[in-house]
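Structure assessment
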Amino acid sequence: MSDEEDTQLEGGNEVEEEQEIAECKLTEQLCGESLSLLCKIGNGLSLAYVKMELKGRALTDISIISAFVHVRYLDLSDNKLETLAPLSSLTHLLTLKVDNNRLTSAALPPMPYLQRASFQNNKITDTDGITHPLLEVINLNNNQITQASFDSEALQKLSVLELRGNLLTSTAGLGLPKLQRLYLGENQITELVDLDKCIALKILHLRGNGDNTNPIESLSGFSKNMIALQYLNIRGSKVSSLKSEIKKLKCLPMLRGLILKDSPVAKEEEYRIEIIMNLRNLERLDKDIFTDEERQEAQELHRQREEEGKLSESNPDGAMFLD
């Protein structure tokens, strides 16, 4: 073997060693040091520490945590965890943070009291096993989820869902009737479906970042059932036909803020006038408030088009009549 080949082999071994994760078990001593917040438990006659913070400990094995059944607030962020199985006995959890780990699944048995959970920056590929009846907020940003599917019957309280920076290609499976805020920026969404079920949705983020994320070309998929939607962000989309597409938002009676910046339609002449003419209840476009002058101009343009339409109807063949 030549010196050069020997050097390359050594370099490859170094890369392997760097990628290998050193085992790091959670110990009883470390658990004790991480506990705080003494509270009454059970019938109120006993006390226990209910908050555990184990952030940034390089942990790979947390098996021992299953014994700490009274923990309500748990932070396991910035570790090297690949499974959450030991948490199944922590049925009193109210909040859970496991950001920046190596998880491929967010699945847990139904936690009867869990209200907030954050799984961002992992390697999660699906939304299976998220069926916590009191869950209100969940963060699944920056994972590898290709398709979402949530049980609306099991998630009666879910009001905030964050799925930014995943691999979703449509909004299928996200029709949750109680959802109020939905964040889907920087995915690969091209199709808007199941939104008719989002009757309580107030905020919808579908922003792209210019790197072929959320290349939405059509605004089909919005529904008159979305009676609560007030803010819609589709910045950086591929919507290119202003007149035909903006009409598809007329069914949203409460829409007050719209972001279309960095989309092809934003470069069209009379962009703002065309939009306020069709969406008269809109207050802001690309964060800029509509002026009285713009509203007046839109009203005049609308009147002009109505007159042109009547003229076309009365003279469909386009004949010229001279005195």
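Everything quoted here is computed from the prediction, not taken from an experiment.

1. A word on the overall build of the protein chain
- Looking only at helices and strands, one finds 5 helices and 13 strands in the protein chain.
- Buried positions account for 40% of the 323 residues belonging to the protein chain.
- In the protein chain, 35% of the contacts between residues at least 6 apart in sequence involve partners at least 24 apart.
- Element-wise, carbon and sulfur atoms account for 46% of the exposed surface of the protein chain, whose accessible area totals about 17,700 Å².

2. Re the pattern of salt bridges
- For the structure on display, the rule yields 7 salt bridges.
- The salt bridge involving R235 is made with D262; its shortest N-O contact spans 2.8 Å. Here the residue R235 occupies a position in the loop between β10 (231-233) and α3 (242-246), and D262 occupies one in the loop between β11 (257-259) and α4 (271-278), the gap between them amounting to 27 residues.
- R272 is paired through a salt bridge with E294; the nearest N and O atoms lie 2.7 Å apart.

3. Some details on the side chain of D75
- Of note, D75 is situated in strand β3 (residues 73-75).
- Comment: no salt bridge for buried D75; closest opposite-charge side chain is K97, at 4.5 Å.
- Among the polar contacts listed, one links the side chain of D75 to the side chain of S77, at a separation of 2.8 Å.
- If we skip the residues at most four places from it in the chain, D75 touches M52, E53, L54, K55 and K97.

4. Description of a positive patch on the surface
- A grouping of K243, K247, K250 and R280 is seen on the molecular surface, where their side chains present a positively charged patch.
- Checked against the element boundaries, K250 lands in the loop between α3 and β11.

5. Observations concerning a negative patch on the surface
- Taken together, the side chains of E269, E270, E297 and E300 define an acidic patch exposed on the protein surface.
- Its place among the elements puts E297 in helix α5 (residues 292-314).

6. Remarks on unusual backbone geometry
- Even without glycine at this site, L37 takes up a positive phi of about 65 degrees.
- Within the secondary structure, L37 sits in strand β1 (residues 35-41).
- The phi torsion at D262 lies on the positive side, around 65 degrees, for a residue other than glycine.

7. With respect to the environment of L26
- Take L26: it is sitting in the loop between α1 (3-19) and α2 (28-34).
- Distance in space between the C-alpha atoms of L26 and L59 is 6.4 Å, their sequence separation being 33 residues.
- Ignoring any residue separated from it by four or fewer positions in sequence, one finds L26 in contact with C31, L54, L59, D61, I62, I64 and I65.

8. Comments concerning the packing of aromatic side chains
- One pass over the full model with this rule turns up 0 aromatic pairs.
- Positioned above the aromatic ring of F290, the side-chain terminus of R272 is 4.5 Å from the ring centre.

9. Observations concerning α4
- Burial analysis of α4 places 8 of its 8 residues in the buried class, which makes it a mostly covered element.
- For α4, the full list of buried residues reads Y271, R272, I273, E274, I275, I276, M277 and N278.

Cut-offs applied
- The numbering scheme is per chain: residues are counted from 1 as the chain's sequence reads.
- Only residues with pLDDT of 70 or above have their local features reported here, since the model is predicted, and side-chain atom pairs are shown and tallied only from 80 upward, although totals for entire chains, interfaces and linings are computed over all residues.
- Note that the side-chain values use all heavy atoms of the structure and ignore hydrogens as well as water.
- We count a stretch as a helix when DSSP gives it H or I for four or more residues in a row; a strand needs E for two or more, and each element gets its number in order from the N terminus.
- Relative accessibility under 20% of the residue-type maximum defines a buried residue, over 50% an exposed one, and the middle range a partly exposed one, all with a 1.4 Å probe and only protein chains included.
- Only heavy atoms enter the contact rule, under which two residues are in contact if any of them lie within 4.5 Å.
- Each accessible area is a Shrake-Rupley result for a 1.4 Å probe, and residues are judged covered by the shown protein chains and nothing else.
- Throughout this description, the term salt bridge denotes a Lys or Arg side-chain nitrogen within 4 Å of a carboxyl oxygen of Asp or Glu.
- Under the convention used here, Asp and Glu are negative, Lys and Arg are positive, and both His and the chain ends fall outside the count.
- N or O atoms within 3.5 Å of each other form a polar contact, as long as, within protein, one can give a hydrogen and the other can take it, and as long as residues adjacent in sequence are counted only when both atoms are side-chain atoms.
- Patch definition: residues with relative accessible area over 30% and no salt bridge; like charges joined within 9 Å; nonpolar side chains (Val, Leu, Ile, Met, Phe, Trp, Tyr) joined within 5 Å.
- A charge is said to be at NZ when it belongs to Lys, at CZ for Arg, at CG for Asp and at CD for Glu.
- Pairs were defined over the aromatic rings of Phe, Tyr and Trp, the Trp ring being its six-membered one, requiring ring centres within 6.5 Å. Orientation was assigned from the angle between planes: stacked under 30 degrees, edge-to-face over 60, tilted for the rest.
- Counting as a charge over the ring demands two things of the Lys NZ or Arg CZ atom: a distance within 6 Å of the ring centre and an angle within 35 degrees of the ring normal.

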